[in-house]
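Fold and geometry: a report
Here is what each chain is made of, one letter per residue.
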Amino acid sequence: MSAPQLISRRALIGTAAAAALAPPARADAGAWTRQAYESAMAKSGRHVSLTDDQFAAIQARKPAAMRMIRQYLVSHLGSADPAVLAAFQTVPREYFHYIYSEHRATPGDAYEATPKPWALGYGSALSDYLGQAYMTQVCKPKPGDQTLEIGTGSGFQSAILSRIVGHARSIEIIEPLGRAVDRIWAPLGYDNVEGRVGDGYYGWPEETGGFDIIIVTCAAQYVPPKLLAQLKPGGRMIIPIGQPFKRGQFLYIFTKDAEGKVHSHKDVGVFFIPMTGAMMKIPQPS
Amino acid sequence: MGPSQTTEARANIQKFFGSFFQKRTSFFPLFLVSLSAVGLEIALTRYFAVATWSEYGYWVISIVLAGFAFSGVALAVAPGFFTRRSALLLAWLPPLLVLAAAGGYWAATLNPFNPLQLQNAATLTAQLGNIALYYAAFLPFYTLAGLFIGLCFMANPGRIGLVYGTDLIGAGAGALLVLLLMRVVPPFRLVACLLVPLAAAGALRPRLPLLLATLAALGVGEWALLAHDQAQINDFKAIYAPLHVPDSRTLAVLPRPGGLYMLLDDFTERLDADVSNNATALGLPDPPKAFGFYRDGNRIAALPKSRIDAAYAPATLAALPYALLTHPRVLLAGASGGFRPAEAAALGAAATLVSEPEPMLLREIRAGPALPAGTRLTPDPPLALTGPGAHYELIDIAGDFADSAEANATSFAVEALVADLAAVRPAGLVSIPVSIREFPAYATRMLVTARAALLRAHIADPARHVLVYRSAWNVRILLSPAPFTPAQIKAARAWCDARSFDVSYYPGMDLAASRAGIYNDLPAVSFETAEVTSDNGLHDAVADEAGVVLAGHLPASARSFDLAPITLDRPALNAVLRLSRLDTILARLEILPQGEVGPVVNLAVLAQAVVIALLVLAVPLAAGARLRAGTDMGRACAFFPALGLGFLMIEIAAIEAASLLLTDRTLAFALVLTTMLICSGLGAMTAPRLPPAQALCASAGAVLLWCALMLAILPGALVAALSLGFAARVALVVFAVAPVSFALGMPFPLGLARLGAGGALPWAWGLNGAFSVAATPLANLIATQAGHAWLLYAAMILYSGAIVAFPKCHPPCPHPS
């Protein structure tokens, strides 16, 4: 058996075992129907109307997208975190397809066969779902974690994390975008995620216990010291680097050691192109 | 002289000048159309630079020249149709041009083109459609403009030199006009201004319906562009977020030829220095808040809000040299808005000379808080300050120096580093920044450059004179005329360890042992194979190659990247892609840094240009015997393309040289373009007065001599001239470019005159335009991939070919004037 096949079988076995142990994603109240979608959209101030066929078409694409996410995580990270998969299954991605600068919903773009980033207006983009699944799993979210996201954007990332962790917070610096997105979680019944508009440089100082996961979309040459100070021991700060429409965004992961010194790791997983069979070379298991 | 003789003399003088002005004013509309066409071209490149990114401006230029090529094809295929209607068309084209210019620009501003999506295969297709919309927007104007100019040629077959000269001088005047307008008019308003001279071309003829139509077109055009302006900055440019955060204030908007400068005050603005992640643990404060200074939507500096407290300075990546030296005398390349002199003073510099060549930054720094005592600020480039007699302990290049002005890239060239090494004392240091945020290969190339400089500075063992250290995102390379001592190395390692920085190379380094202490894991990725090899330990892609490079061997990344040293002949910092490996580049398009996208765009433009050129070349086959009759087609097919290519090769080479001399790329572009167009116009007007064959040989020979002279004296002469005053350097550019430009203007009308009247003349005009389309991206690719000298070599080959390919004519030859 060749190395790639060995990895795949191990990954599948590991995934099945983990699935038996992983807690379910946080439950949502009621089934996700067209009426539920339109009602939630209306409550969030983003009115839209779909036909039954349109809504059904979106849901029909979802299983294929979920399979793609699972395969992507397995091929790029060796396994698919069941909690991450459950979160992506639970959170309705079509709810986050909205062009805020035009006040226009685009649910028909959700779960597209070829994953791609989508412009949301105000200089923000909804990243492709494979990249978001990758970054979510790299964050290593666990139940009870406290997370902070600087750069709310669509709000999808914080929504996903909220299905896994204890509490998710998010800061958006662009005022019209932040004010609009701050209204979208409550209609879904997500009571453990909150956002604000403001300067993310100082983090969320009211959370005195610090954060397990901090995601920062920033272009500065240095990591804000106040944010690093709010990172718990053993916590991870994830900084994606690169323009938002590239499939190849690097992730820089910052951690603290026991002495409090900061370490960084450049995650290059986006270099993997499963279709060509290029994979990370890792040593044979002993 | 008696009264009657005086009267007769006066009448003759009046007749002469009347004839002189009558001949020339009849071409005044041509002058105005050419002025507006070039002015609009420059205005559109400025629009692209501000609204999107400047590398897409090349596409604009190609569309411009494609329009001229298409007009030549139309005139060549149906010359009789157009000739019979030339008076009507020449009268009514100007108001149509006004509408086409206004409508095309307005349509372009509505185009949702997002160039960032070109780097993702999933979003690429839609953007190609948007690019096609740009063609639809701009081609009508430039096809009609080419039609107007071509008709002027066809209507005046006996005055080709005058027509061509008027066209060129008008174009030069357009470049000069836009340069002046850019000092007062924001980029998005330039097109509205250029509608006026365009309308004037139609208003000069004394016919009421035409005048009314022209005024109506102008009114509609101005209404569309001023009252319904849709132009805006792409919302993914750096300035967008700061403009839209709460309480954001725009303190100043400064239109300048060099760009649209904006000064912002908002909560996102801070000094953006590479600061240690352990700064808090070291008891050091954060970098201060600041104003943000932007050019064309890109942030070029932070400006201090008040007197600078640089207590944070010991935490910056750039601070190590100051820890290794005692009260150094420092040459700073780049002031970083004024923060770097304050940092140098806080770090113990005894005296600091600050080079800030970017004129607007210099202006803002002088208007800001006072600089520390012992600091002197100069607009002279660093290369002018490292001549004989200069003695520093430290030459420190700012991390944002390369980005603040394109011309600053020359400070990273081998020749500049050699001068730096000669200008520091034996125990001194040269500190060079490199960003590795997206491509560690840039650090490898800089090490190759540094090694070449050390060897050229007669240092036999370069590996002992280099120390490399880094953060997660940036590298600093230290060079020293003397070998690094164990004490210096120990101090550097301890300094970096306290700050979570990594030392990637020092003389005698044990590469394997050093891995254990890496703070910033940086795995190496093969651009070639899209693979990364990981042993689950820590990695340093910079360290992996530094020792190899400094030992004089080729590193692994040389297979994928062009790591040739940066030189004054080839100063582009973002030019590591091997375009010969286009298949690999396209496969990895999604991971390319934005700075590497320009050459790929150039290739796409070149491919389009080749198609257009072949189309125009094929016209004689389609047009039939009547086009080919009496025309030396074979030679014409070589002669006119050679001229179209050769002119641009020399123009680009002259712009690059002027950019080095003036340290201002925009000024260099405007000055060279204006001089070349006006002087070549004068040459075109002079050509018909001389015997054709001799005139061609003399002009082409002058071009060859000029190229040979430039190859012999550049770039050494440019570096030597950097010490001259600014006015003297401007004069030097004009006097260097003017003579060759005069010669460059002569061959084209001489060749056109050999084609006689009929369809061959506009076909040759279109052919020249088509190969000019190809010449711009081709010249830029040659400059970035092979170096500026190769532009001159190419020009020499082309003009030698032009001499050989000068069309013969079947007797009787038409007299050129």
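The following paragraphs examine the structure supplied in this document. Model, not experiment: these values are computed from the prediction.

When helices and strands are tallied, chain A shows 8 helices and 11 strands. The buried share among the 286 residues of chain A stands at 54%. Counted over contacts in chain A with a minimum sequence separation of 6, partners at least 24 positions apart contribute 57%. In the structure as shown, chain A presents an accessible area of about 11,600 Å², 56% of it carried by carbon and sulfur atoms.

Okay, the packing of helix α26 (residues 692–713) of chain B against helix α31 (residues 789–804) of chain B next. Residue and element names in this part refer to chain B. Where α26 contacts α31, the two axes come as close as 9 Å, and the packing angle between them is 160°. It follows that α26 is roughly antiparallel to α31 by the angle criterion. Crossing geometry of α26 relative to α31 is assigned as left-handed. In this structure, α26 uses Leu-696, Cys-697, Ala-700, Gly-701, Val-703, Leu-704, Trp-706, Cys-707, Ala-708, Met-710 and Leu-711 to contact α31, whose residues at the interface are Ala-789, Leu-792, Tyr-793, Ala-795, Met-796, Tyr-799, Ser-800, Ala-802 and Ile-803.

Moving on to the pairing of strand β5 (residues 329–333) of chain B. All names here are of chain B. When you tally the buried positions in β5, you get 4 out of 5 residues, the bulk of the element. Pairing between β5 and strand β6 (residues 351–355): 5 bridges, direction parallel. Each residue of the ladder has a partner; that of Ala-333, found in β6, is Ser-355. You can see the chain leave β5, run along helix α12 (residues 339–346) and come back into β6, and the turn it takes is right-handed.

What follows is about the packing of helix α16 (residues 441–456) of chain B against helix α19 (residues 541–550) of chain B. All names here are of chain B. Running from N to C, α16 and α19 cross one another at 20°; their axes reach a closest spacing of 10 Å. Judged by the angle between their axes, α16 and α19 are roughly parallel. Crossing angle aside, the handedness with which α16 passes α19 is right-handed. Along the contact surface, α16 presents Ala-443, Thr-444, Leu-447, Val-448 and Arg-451, while α19 presents Val-542, Glu-545, Ala-546, Val-549 and Leu-550. When its residues are assigned to classes, the contact of α16 with α19 shows 7 nonpolar, 1 polar and 2 charged.

Another point: the pairing of strand β11 (residues 474–479) of chain B. All names here are of chain B. When you tally the buried positions in β11, you get 6 out of 6 residues, the bulk of the element. Neither face of β11 is left uncovered, since the one carrying Asn-474, Arg-476 and Leu-478 and the one carrying Val-475, Ile-477 and Leu-479 both have all their residues buried. Two strands pair when backbone bridges link them, and strand β9 (residues 424–435) and β11 are joined in this way by 6 bridges, in the antiparallel orientation. What sits directly across from Pro-433, in β11, is Arg-476.

This brings us to the pattern of salt bridges. Two side chains with opposite charge may pair up if their charged atoms get near one another. Residue and element names in this part refer to chain B. Per the counting criterion, the structure on display carries 31 salt bridges over all chains. Measuring nitrogen to oxygen at the nearest pair gives 2.9 Å for the salt bridge that ties Arg-570 to Asp-562. Judged by its relative accessible area of 14%, Asp-562 falls in the buried class. Salt bridges sharing partners connect three or more residues here, namely Arg-340, Glu-343, Asp-396 and Arg-476.

Rules of the game
Residues numbered from 1 in each chain as written. Chains lettered and ligands numbered in written order. Predicted model: local features only at pLDDT ≥ 70, side-chain atom pairs only at ≥ 80, totals over all residues. Heavy atoms only, no water. Helix = DSSP H or I, 4+ residues; strand = E, 2+ residues; numbered from the N terminus. Buried < 20%, exposed > 50% of the residue type's maximum accessible area, 1.4 Å probe, protein only. Contact = heavy atoms within 4.5 Å. Areas by Shrake-Rupley, 256 points an atom, 1.4 Å probe, with all protein chains shown as cover. Axes fitted to C-alpha atoms, helices over the stretch in contact; angles between N-to-C directions. Parallel < 35°, antiparallel > 145°, perpendicular 65-115°, else oblique. Left-handed = near helix turned anticlockwise from the far one by under 90°. Pairing = 2+ DSSP bridges. Right-handed = clockwise from strand over helix to strand, strands pointing away. Nonpolar A, V, L, I, M, F, W, Y, C, P; charged D, E, K, R; others polar. Salt bridge = Lys/Arg side-chain N within 4 Å of Asp/Glu carboxyl O.

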